Amino acid sequence: MGSARPSFIELAGALGGALDEWSAAVRQALAGQNRYQNWLARRLGTPPPRVSSWLRGREQVWLSGTALPGAGTTQSIVRELGLDGESARRLVRLADRIDHLQAQLEELRPRDWRKRVEEQLRGDLLPAAAAPEPAPTAGAAERSGAQASVPGAVDPVPGRWASRPRTTRLVAAATAAVAAAGIVAYLGSERPDDEPGTAGATSTPAAVRTRAQRGTDDTGTSGSTGPGGSAPALEQPGLEKNTLGPDSRCGEPLPGPEAVVWRVCARVEAGRVSFAVKLTNQAGGATTARVRVRVQYVQAKVFHPCPMAPNAQPVDVPAGKTVITDPGLCSVPREAVPFAYQGVGWVVPADATGGSYELSPTAHVYPDRTLWKPDLL
């Protein structure tokens, strides 16, 4: 008797794993050549949001309706990146597996296979309290001339929810209360220089303050909104500079959930390093997007929870508006010795219990200067 065919649940799980592996492999190939997603999109003649979706692993199943990356797409990527040897063969094998698994799933559920796969994969996501700490990949620290190497650069490979290190119940309760009151009440362009704990940095409890996007300014964003914020705010591709204030950088825009586009940001000041997530709702009309946001930071290749906001928080982003989480809730003292820092961010649907993290550009912080990688020219 022949072996039983895999069930739909087994096939869905295998597809999720193959998509995660494929995305991580492409991201590593891009990072190895200091290439960006937008470069790959231009080379392929593909809209940047589609490439961003491909690089989200299993989440692309539900974050967009974009076709999954199969053999044809992968051959083009291998060609544009000039890959050969085992790295190219592995990508092609993964693409063939994605095509084969998708064909089997479509055979079992011709009309709604993608929706059923979404239900299965999202149901498998680990809740924040039970998930393991994400393991940073083995990225080498950058060296600069005769300076000591800066420890802590992390390769930009996405992972899942990071679990919060154990704290006393007293501290956990206090930080959770502060986070609930203020994690989304900060708008970076309004008061970037306020020190945490001062009157100017106090967040309005349970409030989300937003602003309409203006014309292109030093943050690199552009767009406009009409009365009531009914017109969409437009996010431009590429990195952003000075979004949180002087000497800050935000990563490339990432799509979803809904019409939200988001970036992970970091800022270096004389006495502290802070981290935030910027979210823009590009929907028109009066459509408010509700998502969950979590911010952490990496120092010396170790993931840390934000001191004042260790948990994920619900965030409402009105149509045509931008919201930036409060960097004062994710701020640490700047060390007197060289270190590398990155912001870590998750933005997931409001009902999700897990998802993939993304990283800000790396701040290689020396006593007398900061080097960003990657950075704007």
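Up top you'll find the structure we're talking about.
These notes cover the structure that comes with them. Note that the structure is a prediction, hence the values are computed from the model and not measured.

Quick word on the overall build of the protein chain
Along the backbone of the protein chain there are eight helices and 17 strands. Considering the protein chain as a whole, with its 377 residues, one finds that 50% of them fall into the buried category. Summarising the internal contacts of the protein chain: among those between residues at least 6 apart in sequence, 66% fall at separations of at least 24. Looking at the protein chain as shown, the accessible area adds up to about 16,400 Å², and 55% of this sits on carbon and sulfur atoms.

Comments concerning the pattern of salt bridges
Within the structure shown, the criterion is met by 20 salt bridges. The salt bridge involving Arg27 is made with Glu358; its shortest N-O contact spans 2.9 Å. One end of the pair, Arg27, is in helix 1 (residues 8–32); the other, Glu358, is in strand 15 (residues 358–359), and 331 residues separate them in sequence. Taken as a pair, Arg27 and Glu358 share a single burial class, namely buried. Between Asp112 and Arg116 there is a salt bridge, and its shortest N-O distance comes to 2.9 Å. Judged by relative accessible area, Arg116 falls into the partly exposed class, the value being 28%.

Describing the environment of Pro327
Within the secondary structure, Pro327 sits in the loop between strand 12 (321–324) and strand 13 (331–333). In the structure, Pro327 is positioned 19 residues away from Met308 in sequence and 10.0 Å away in space, judged by C-alpha atoms.

What to know about the packing of helix 2 (residues 37–44) against helix 5 (residues 71–81)
With their axes 10 Å apart at the nearest point, helix 2 and helix 5 run at an angle of 110° to one another. The angle between helix 2 and helix 5 places the two elements in the roughly perpendicular class. Two secondary-structure elements touch here, helix 2 through Trp39, Leu40, Arg43 and Leu44 and helix 5 through Ser76, Ile77, Glu80 and Leu81. For the contact of helix 2 with helix 5, the residue count by class is five nonpolar, one polar and two charged.

Some details on the packing of aromatic side chains
Describing an aromatic ring pair means giving the distance of the ring centres and the angle of the ring planes. Enumeration over the complete set of coordinates arrives at four aromatic pairs. Both rings, one in Trp346 and one in Tyr357, keep their centres 5.8 Å apart while their planes meet at 70°; by these two values the pair is edge-to-face. On the criterion of sequence distance, the pair formed by Trp346 in strand 14 (residues 339–349) and Tyr357 in the loop between strand 14 and strand 15 is long-range, its members being eleven residues apart. You'll find Trp346 and Tyr357 in the same group, each marked buried. An aromatic cluster is present here, built from Phe303, Trp346 and Tyr357 joined pairwise through their rings. Directly above the aromatic system of Trp346 lies the positively charged group of Arg294, at a separation of 5.7 Å from the ring centroid.

Let's talk about unusual backbone geometry
In this model, Lys373 is joined to Pro374 through a cis peptide bond whose omega is -5°. For Pro374, the position within the fold is in the segment after strand 17 (370–373). One non-glycine residue, Asp247, lies in the positive phi region at around 55°. With respect to the helices and strands, the residue Asp247 is situated in the loop between strand 4 (240–241) and strand 5 (248–250). The backbone phi angle of Glu258 is positive, close to 55°, even though this residue is not glycine. In this fold, Glu258 is placed in the loop between strand 6 (254–255) and strand 7 (260–268).

Here we look at the state of the cysteines
Applying the stated criterion to the full structure yields two disulfides. In this model Cys250 forms its disulfide with Cys265; the gap between the sulfur atoms is 1.9 Å. Here the S-S torsion is close to 105°, and the disulfide linking Cys250 with Cys265 is therefore right-handed. Of the two residues, Cys250 sits in strand 5 while Cys265 sits in strand 7, which places them 15 residues apart along the sequence. Exposure class is identical for Cys250 and Cys265. Each is buried.

Some details on the pairing of strand 8 (residues 272–281)
Counting buried positions along strand 8 yields ten of ten residues, so the element is predominantly enclosed. Taken together, the nine bridges between strand 7 and strand 8 define a ladder with antiparallel strand orientation. Across the sheet, the residue bridging to Arg263 is Lys278, located in strand 8. Hairpin connection, strand 7 to strand 8: the antiparallel pair is bridged by three residues. Sheet topology note: the strand 8/strand 13 ladder contains three bridges and is antiparallel. Bridge pairing in strand 13 links Arg272 to Pro333. Here three bridges tie strand 8 to strand 12, and the two strands are oriented antiparallel to one another. Bridged to Thr280 within strand 12 is Thr322.

Observations regarding the nonpolar core
Within the largest apolar cluster, 35 residues are counted, with the highest numbers of intra-cluster contacts made by Leu15, Trp22, Val26 and Val117. Secondary-structure elements contributing two or more residues to this core are helix 1, helix 2, helix 3 (48–54), helix 4 (60–63), helix 5, helix 6 (85–108) and helix 7 (113–124). At eleven residues, helix 1 tops the list of elements feeding residues into this core. Contact partners of Val26, with chain neighbours within four places excluded, come to Leu40, Leu55, Ile77 and Leu91. Listed in part, the 29 residues of the second largest apolar core include Leu254, Trp262, Val273 and Trp372.

Scoring rules and cut-offs
- Residues numbered from 1 in each chain as written.
- Predicted model: local features only at pLDDT ≥ 70, side-chain atom pairs only at ≥ 80, totals over all residues.
- Heavy atoms only, no water.
- Helix = DSSP H or I, 4+ residues; strand = E, 2+ residues; numbered from the N terminus.
- Buried < 20%, exposed > 50% of the residue type's maximum accessible area, 1.4 Å probe, protein only.
- Contact = heavy atoms within 4.5 Å.
- Areas by Shrake-Rupley, 256 points an atom, 1.4 Å probe, with all protein chains shown as cover.
- Salt bridge = Lys/Arg side-chain N within 4 Å of Asp/Glu carboxyl O.
- Axes fitted to C-alpha atoms, helices over the stretch in contact; angles between N-to-C directions.
- Parallel < 35°, antiparallel > 145°, perpendicular 65-115°, else oblique.
- Nonpolar A, V, L, I, M, F, W, Y, C, P; charged D, E, K, R; others polar.
- Phe/Tyr/Trp six-rings, centres within 6.5 Å; stacked < 30°, edge-to-face > 60°.
- Lys NZ or Arg CZ within 6 Å of the ring centre and 35° of its normal.
- Disulfide = S-S within 2.5 Å.
- Pairing = 2+ DSSP bridges.
- Core = buried A, V, L, I, M, F, W, Y, C linked by side-chain atoms within 4.5 Å.

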